[in-house]
Amino acid sequence: MRTAVFLYHAFVGEIGRGGYPVTVAAVTGTFSELAVGGAARGNVGHGDASGAETGDDYAIPHGAAGPCYISPMSVPAKPAADTAVHEHRLTLAEILELLVADGLVTRGDADALRAERRLQGAKTHPLIVVADQKWRSASPPGKLLGLELLTEWLAGRLGLEYFHIDPLKIDFTGVAEVMSAAYATRFAMLPVQVTTREVVVATAEPFLREWEGELRPILRKEIRRVLANPIDISRYQVEFFSLARSVKKANQKGEGASGLSSFEQLVELGKANRTYDANDQHIVNIVDWLWQYAFDQRASDIHVEPRREVGLVRFRIDGVLHQVYQIPMAVMNAMTSRIKLLGRMDVIEKRRPQDGRIKTRTPDGQEVELRLSTLPTAFGEKLVMRIFDPDVLVRDFRELGFSEEDQSRWNQMTRTPNGIILVTGPTGSGKTTTLYTTLKQLATPEVNVCTIEDPIEMVESAFNQMQVQQAIELGFADGVRALMRQDPDIIMIGEIRDLQTAEMAIQAALTGHLVLSTLHTNDAPSAITRLLDLGVPAYLINSTVLGVMAQRLVRTLCPACKKPFPIRDEQRETWNALVAPWKSSHPAAVHQPTGCLECRMTGYQGRVGLYEILLMSPEIRRLVKPQTDIARVRDTAYREGMRPLRISGAMKVAAGVTSLDEIVKVAPPADDA
Ligand SMILES: [Zn+2]
């Protein structure tokens, strides 16, 4: 299963490089016509006699040449008895013949591949064999013939609907009930959608149709065949069926204590309540799958949410939640119990919020840390797992989206031996990542870096990290006090929320330490107002704060599918509003999201930061007084080179990194700020 995951990535990557979606060379004529033509030229069938000799699955059956290819693909299925004669698995010979006819592959390449494969038998699906050649299309623009592209091309060629299996959109329990795993494997197919009227079945073997006649009377539904990537089909066959089995088995075991919400269970208290075994192998499988799947999809959070009837599983990917699955409540409860158990949380306690953490590994062996938190809701315990990207600590500032200018302004502060540096922004704006990256850079063997966090987000061996523990009254301020006795050089305080913590930070800075911390404010200058509001005297702000950086995260356009478009009138207006009160000529073209398989059709992939860096210059210090005019501070900072968030954003739009919409969402134009 793991191998399959990598293969999947390898192919997706390939499609990306080749560009997608792709218009395949104009498809004219039907497959039937072409196949007949090929047979008439004596190419189909004859040339592949070797395949027949090997006697394996992909060999052309005897008598396959000629009429056999006149398979009525776009015509409704014929009775089983009639189609049986034509049943065969796709052969390399017929695929190559079609590719040559469409001008995608040269005759020479096709013949060479056929000769080479002659001795190897044909255990591999021919589309995979062709994709493995990494050929570029013989017709312009010479796109890479990857597996997904080939699948889509073949679908068009055969008049079948092309289908990309997006596991997030498939109700695996529903589709697994349509047929057995063995049956699906036998015909290289996978049911992908079940409605009251029809069953959509993805296949990689367009010429195997026997099953249609067998299934239709059993299901009493229309069957719609679609063509899908053979690697996806075999991968998801394994995943869906084994997962559906696990859910079913786990559900059977848990039956009896099922759908009642904790709300309703309160009423039921005292009645015998069967519980599920969190160590049940099926539950273990489901939890393992859930994680692997989340890593695979680059999710940052997994939400496991109880509802009255079913439990929902949602993933957050690039800041947006996607519903993944519905799982019976009984199974979800068992999953939550297992995860709590692994996170060393109190499994019995369900009415109090708890938190915990788990270290696990991605399929490629990278260590991943999951931070868990539970919350009692009306229908039971909701569990959220935050996945900490193991790459966070190895990223450099350029990857975080720092421009050269940002970098030099930031360094100006962080290279100072003592003082306070603040990072501001709402939750989820990447503040912690910035701080970790900075600390990591500063943590040389000669300095002692200590942190007090709530909670510790990433464990890094180069830092001495301490966690806030309200239960024993170890808050931020007490933490700093304790840290100070440990002879630190650099201190990171997770957040300054109260005067007590602010005072400790100031004391540390005044005694020769570099202090990094965060505040919740909208922009950099507001940090000064916030500190004044907390009760910090202006003269202490002036003597300790080195600077403030405000930041936001914006989604970056998917490099595989973004397209430049000439800037439209309303976009020009948006641009002008963004850069106001400055005037900055708009770019001639802006990139727009399109959507492809690599970005799950969202048009975006990954996120990058926007930064606004305020340096506490002598002139700004003069403006910080008990009654500070924050507008004047802002104007002075602009004059001294501070670039507001929205300008940083505009520059990222001009560079084609993100779209105008993304910037407007997180950094509105000046008037609304
Ligand atoms: Zn894309």
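The structure contained in this document is the topic of the report that follows. Nothing here was measured: the structure is a model prediction, and the numbers come from that model.

1. Quick notes on the overall build of the protein
Looking only at helices and strands, the protein features 26 helices and 19 strands. For the protein, the proportion of its 673 residues judged to be buried stands at 43%. Counting contacts in the protein only where the partners sit at least 6 residues apart, residues at least 24 apart contribute 68% of the total.

2. Looking at helix H11 (residues 210-219)
Inspection of H11 places Trp211, Glu212 and Leu215 among the buried residues, and these make up the whole buried set. Buried residues along H11 cover an arc of 95° about the axis, so they all sit on one side. Those residues of H11 that are buried are in contact with strand S4 (222-227). The first or second residue beyond H11 is Arg220, which carries a positive phi of 55°.

3. Details of the packing of helix H18 (residues 476-484) against helix H19 (residues 499-510)
Two numbers describe how H18 lies on H19: the axes approach to 8 Å, and their chain directions differ by 20°. With respect to H19, the element H18 is oriented roughly parallel. Every pair of crossing elements has a handedness; the one defined by H18 and H19 is left-handed. Contact with H18, carried on its side by Phe476, Ala477, Val480, Arg481 and Met484, involves Gln500, Thr501, Met504, Ala505 and Ala508 of H19 and no other residues of that element. A breakdown of the residues in the contact of H18 with H19 according to their chemical character gives seven nonpolar, two polar and one charged.

4. Describing the packing of helix H5 (residues 92-101) against helix H6 (residues 107-117)
Packing of H5 against H6 brings their axes to within 9 Å, and their N-to-C directions diverge by 170°. By the criterion of interaxial angle, the relationship of H5 to H6 is roughly antiparallel. Within the contact between the two elements, H5 uses Leu92, Ala93, Leu96, Leu99 and Val100 and H6 uses Arg107, Ala110, Leu113, Arg114 and Arg117. Considering only residue class, the contact of H5 with H6 consists of seven nonpolar, no polar and three charged.

5. Focus on the sheet that holds strand S6 (residues 310-317)
Two pairing modes exist for strands in a sheet, parallel and antiparallel, and in both the strands are linked by backbone hydrogen bonds. With respect to topology, six strands assemble into an open sheet ordered S7-S6-S5-S10-S9-S8, the strand pairing being antiparallel. Single-partner strands in this sheet number two, and they are strand S7 (320-328) and strand S8 (354-361). Sheet twist, expressed as the mean angle between neighbouring strand axes with direction ignored, is 20°. Of the strands in this sheet, strand S5 (299-306), S6, S8, strand S9 (367-377) and strand S10 (380-388) are in contact with helix H14 (residues 281-296), which crosses S5 at around 140°. Taken strand by strand, helix H15 (residues 329-342) contacts S5, S6, S7, S8, S9 and S10, and its axis lies near 115° from that of S7.

6. Details of the sheet that holds strand S1 (residues 161-162)
Spatially, the four strands line up as an open sheet ordered S1-S4-S3-S2, and their pairing is mixed. Looking at which strands have only one partner, the edges of the open sheet turn out to be S1 and strand S2 (189-194).

7. A few points about unusual backbone geometry
Between Pro140 and Pro141 the backbone carries a cis peptide bond, its omega angle lying at 5°. Pro581 follows Ala580 through a cis peptide bond whose omega is 5°. Residue position: Pro581 is located in the loop between helix H22 (569-579) and strand S18 (589-592). One non-glycine residue, Arg298, lies in positive phi territory at about 60°. One non-glycine residue, Glu473, adopts positive backbone phi at about 55°. Take Glu473: it is sitting in the loop between strand S13 (464-467) and H18.

8. Thoughts on the nonpolar core
Ranked by internal contacts, the top residues of the largest apolar core, which has 85 residues, are Leu150, Ile286, Ala294, Val331 and Met335. Core analysis: the second largest hydrophobic core is formed by 71 residues, Ala509, Met549, Ala550 and Ile620 among them.

9. Concerning H18
Listed in full, the buried residues belonging to H18 are Phe476, Ala477, Gly479, Val480 and Leu483. Angular distribution of buried residues about the axis of H18 spans 160°; they occupy a single face of the element. Elements in contact with the buried residues of H18: strand S12 (449-453), S13, strand S14 (490-493) and H19.

10. What about the environment of Glu161?
By the secondary structure assignment, Glu161 is in strand S1. On the basis of neighbour count, Glu161 is assigned to the partly exposed category, with 14 C-beta atoms found within 10 Å. Between the alpha carbons of Glu161 and Arg224 there is a distance of 9.1 Å; along the sequence they are 63 residues apart. In contact with Glu161, other than residues within four places in its own chain, are Ala155 and Val226.

About the criteria used
Residues numbered from 1 in each chain as written. Predicted model: local features only at pLDDT ≥ 70, side-chain atom pairs only at ≥ 80, totals over all residues. Helix = DSSP H or I, 4+ residues; strand = E, 2+ residues; numbered from the N terminus. Buried ≥ 20, exposed ≤ 12 C-beta atoms within 10 Å, placed from the backbone. Contact = placed C-beta atoms within 7 Å. Arc of directions from axis to C-beta. Axes fitted to C-alpha atoms, helices over the stretch in contact; angles between N-to-C directions. Parallel < 35°, antiparallel > 145°, perpendicular 65-115°, else oblique. Left-handed = near helix turned anticlockwise from the far one by under 90°. Nonpolar A, V, L, I, M, F, W, Y, C, P; charged D, E, K, R; others polar. Pairing = 2+ DSSP bridges. Core = buried A, V, L, I, M, F, W, Y, C linked by C-beta atoms within 7 Å.

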